[in-house]
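Close look at the chain arrangement
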Amino acid sequence: MATPVSGPKTSSQWRLRARPQGRARESDFEWVEEATPELVEGQILVRILYLSLDPTNRIWMEPVDSYLPMLPLGAVMRGVTIGVVEASRQRGFAAGDIVQGLGGWQSYYAGDAAGWSKLPRIPGVPLTAFFGAMGHIGFSAYFGLMDIGQPKAGETLVVSAAGGAVGSLAGQMGKIAGCRVVGITGSDEKCEWIQRDLGFDAAVNYKKENLSEALERACPKGIDIDFENVGGAVMDAVLGCLNLGARVVLCGLISQYNAAGPVAGPSNFIHILGRRARVQGFLVTDFSSRFGEATAQIVQWMQQGTLKYRIDLVDGLHEAPKALNRLFDGGNTGKLVVKVSDEPGK
Ligand SMILES: NC(=O)c1ccc[n+]([C@@H]2O[C@H](COP(=O)([O-])OP(=O)(O)OC[C@H]3O[C@@H](n4cnc5c(N)ncnc54)[C@H](OP(=O)(O)O)[C@@H]3O)[C@@H](O)[C@H]2O)c1
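Residues numbered from 1 in each chain as written. Predicted model: local features only at pLDDT ≥ 70, side-chain atom pairs only at ≥ 80, totals over all residues. Heavy atoms only, no water.

1. Here we look at the nonpolar core
Filter applied, for reference: Each nonpolar core is a collection of buried residues, namely Ala, Val, Leu, Ile, Met, Phe, Trp, Tyr and Cys, held together in the definition by side-chain atoms within 4.5 Å. Relative accessibility thresholds used throughout: buried, under 20% of the residue-type maximum; exposed, over 50%; partly exposed, between the two (1.4 Å probe, protein chains only). Going along the chain from the N terminus, every DSSP run of H or I of four or more residues is numbered as a helix, and every run of E of two or more is numbered as a strand. Every residue pair with non-hydrogen atoms within 4.5 Å of one another is taken to be in contact.
Among the nonpolar cores identified, the biggest contains 56 residues, and L53, W105 and L215 are the most heavily contacted of them. Ranked by residue count, the leading element in this core is helix α6 (residues 232-239), at five residues. Setting aside residues no more than four positions away along its own chain, L215 makes contact with V158, V182, I184, A237, V238 and C241.

Rendered as structure tokens:
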């Protein structure tokens, strides 16, 4: 049932002011306060509760179409959000519904309901989990590993950015599949977390150790699956240890997202040839028709205690531009989320 409109709200917004050169700076954004427009048929007014910060946000700032259309300068920065509907002129959405969609870096979204979906309230599951294990992050880990990586018991899986959102889940799923799992991260704390709390068999701090030597030690039988989140020097070191018939799951290349110009190709690409390895990229949306299957499996693993996740919560929309760079300097552990406003009843 649609819900009558309650009047305009003031939406605080981060708008994209300039195309970043290298890392995004706060000066690439403009803080604007604007009254929300009156809703027309087919639209909803959403108070944003949480904003997901993702490495791909940096790709969206480039002056090119990617898998989404180019974001024009002056537009509200694009972002995945969870919010509560305050007013609706769209059948199927009513005040109080908890919804997820591309609400952007702002405190209120007023616009088309198309692309928004309602989220269930599950006792014991925080809403932020729908950005993490039970959302696009968990689905990336699940389909990337299970469908593209095709893990078999006894194989060795290496995961880069293993202390981050996708990597921490992909590694645990590898353990569930019976693999030896080795994580690459950029801090001793993350190395400890993924081994002690998440059950990885070994961890390598790429900022401290010679990565090739450390991988040889940690993967005495070579590497059968590379769950690749980083690219660059990290991926090169992994490619050097691939086994015959290895699979490289190309989930992300975060080391390249801030590059101001062309980046060098993998110097160890020759191992793909010699090892008859398969490299396959994917976008999580390729699997959208199977999200239900992933949700059911992930919920079961969470209930069994075999899949754990961590939310790294930043307080306040104002912090979003600064917080985004934590993804690029390793300042986050688990899924990075900005709290924009209080959940209803809290
Ligand atoms: N294909 C898809 O559909 C899909 C969907 C979601 C995410 N992704 C990709 O998956 C990857 C992980 O995303 P996420 O959201 O889970 O982020 P995340 O892993 O939570 O955060 C990024 C992490 O990457 C590491 N990192 C950053 N720059 C690095 C560099 N130059 N060299 C080595 N490590 C670096 C940092 O950890 P350290 O402390 O270890 O350096 C950082 O914490 C990204 O590449 C992202 O684009 C793809």
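Additional details are given in the paragraphs that follow.
2. Quick look at the sheet that holds strand β12 (residues 242-250)
The condition is simple: Strand pairing follows a simple DSSP-based rule, namely that at least 2 bridges must link the two strands. Lines fitted to C-alpha atoms define the axes, with helix axes restricted to the stretch in contact, and inter-axis angles between N-to-C directions lie between 0 and 180 degrees.
If you walk across this open sheet you meet the six strands as β10-β9-β8-β11-β12-β13, and the pairing is parallel. The open sheet has two edge strands, β10 (202-205) and β13 (278-281), and neither has a second partner. Strand-to-strand twist in this sheet, taken as the mean axis angle between neighbours without regard to direction, amounts to 15°. Two elements, strand β9 (residues 180-185) and β10, share four bridges in a ladder whose sense is parallel.

3. Some words on empty space enclosed by the protein
Quick note on the threshold: Lining residues are those with an atom within 4 Å of a point, where the points come from a 1 Å grid over the protein atoms alone and group into cavities, where a 1.4 Å probe fits but cannot get out, or pockets, open sets with protein on both sides within 12 Å along at least five of seven lines. Grid points are joined across faces, edges and corners, and a volume is the space filled by probe spheres set on the points.
By the definition in use, this model includes one cavity of 30 Å³ or more. Considered as a void within the structure, the largest cavity measures approximately 40 Å³ in volume. Examining the composition of the lining of the largest cavity, we find that three residues originate from one element, helix α3 (residues 165-176), more than from any other.

4. As for the pattern of salt bridges
Put simply, the rule reads: Note on definitions: salt bridges are taken to be side-chain nitrogens of Lys or Arg within 4 Å of carboxyl oxygens of Asp or Glu.
For the structure on display, the rule yields 22 salt bridges. Between D28 and R25 there is a salt bridge, and its shortest N-O distance comes to 4.0 Å. Taking the relative accessible area as the measure of exposure, D28 reaches 3% and is therefore buried. Ionic pairing is found between R121 and E343, a salt bridge with its closest N-O pair at 3.3 Å. Pair noted here: R121 is in the loop between β7 (117-118) and α2 (136-149) and E343 is in the segment after β15 (335-339), with a separation of 222 residues, a long-range link. Connected via shared salt-bridge partners are K9, R47 and E86.

5. Comments concerning the site of the ligand
Let me state the cut-off plainly: For each residue, the test is whether any non-hydrogen atom lies within 4 Å of the molecule or strand; if one does, the residue is near. Nitrogen and oxygen atoms within 3.5 Å of one another constitute a polar contact, given that in protein one can donate a hydrogen and the other can accept it, and given that sequence-neighbouring residues count only through two side-chain atoms. Method for areas: the Shrake-Rupley scheme with a 1.4 Å probe, in which residue coverage is limited to the protein chains shown.
Taken together, 27 residues are adjacent to the ligand, and V166, K190, Y206, V284 and N332 come closest. Contact distances for the ligand include 2.7 Å between an oxygen atom and a side-chain N or O atom of K190. Measuring from an oxygen atom of the ligand, one finds a side-chain N or O atom of Y206 at 2.6 Å. Look at the ligand: alone it shows 910 Å² of surface, and the protein chains cover 90% of it. The set of elements that each furnish at least two residues to the shell around the ligand consists of α2, α3 and α10 (326-329).

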